[in-house]
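Listed below, chain by chain, are the residues.
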Amino acid sequence: MDIQAFFRAVVEQNADALRSFFCAGAEIRWHNTNELFTVEEYIQANCQYPGQWEGELERVEPLASGSLATAVHVHAREGGPSFHVASFIRLEAGKIAALDEYWGDDGPAPAWRRAMRVGRPIREGE
């Protein structure tokens, strides 16, 4: 599977291209919000999400039996929401059979942790 092409289809909200990456009957889980989607529901949620998006595929790690783990940064093109997403992709015959995603809002460390004066920025200026 071409993970770069899949990621492009996601951020470009390209429904036709997205369909080509999934097995029939694939399940998609967004664990942070306790949602389970069919392929068509996932495509609808992704493609009808407001705004235009950009993103960077920051990391791809092969897992056992040909599965993949990815870390991506997705952000609104005109500013606004920004997220980091960890995905676990189970492949069958080169297509996605299951996709488990964990979405996190980007933002500053919480006040209680800043008050502790622990940690430091990963990237300066953010």
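Further up the page is the structure itself.
Residues numbered from 1 in each chain as written. Predicted model: local features only at pLDDT ≥ 70, side-chain atom pairs only at ≥ 80, totals over all residues. Heavy atoms only, no water.

Trainee: So what exactly am I meant to see when it comes to the pairing of strand E1 (residues 22-30) here?
Mentor: In summary, the side chains of a regular strand alternate between the two faces of the sheet. Relative to strand E6 (residues 95-105), E1 runs parallel, the two sharing five bridges. Paired with arginine 29 across the two strands is aspartate 100, which belongs to E6. Across three bridges, E1 lies against strand E2 (residues 35-37) in antiparallel orientation. Note on E2: the bridge partner recorded for arginine 29 is leucine 36. Adjacent in sequence and paired antiparallel, E1 and E2 are bridged by four residues, among which asparagine 34 carries a positive phi angle near 55 degrees. (Pairing = 2+ DSSP bridges. Helix = DSSP H or I, 4+ residues; strand = E, 2+ residues; numbered from the N terminus.)

Trainee: It is not clear to me how the sheet that holds E6 should be interpreted in this structure. Could you clarify?
Mentor: Strand pairing in a sheet relies on backbone hydrogen bonds. The paired strands run either parallel or antiparallel. Pairing is mixed across the open sheet formed by six strands, whose spatial order is E2-E1-E6-E5-E4-E3. Edge positions in the sheet fall to E2 and strand E3 (53-62), since each has one partner strand and no second. The average angle at which neighbouring strand axes cross in this sheet is 20 degrees, direction not considered. Set on the sheet, helix H1 (residues 3-11) makes contact with E1, E3, strand E4 (68-76), strand E5 (82-92) and E6; between it and E3 the angle comes to about 150 degrees. Running over the sheet, helix H3 (residues 39-47) touches E1, E2 and E6 and is turned about 55 degrees from E1. (Axes fitted to C-alpha atoms, helices over the stretch in contact; angles between N-to-C directions. Contact = heavy atoms within 4.5 Å.)

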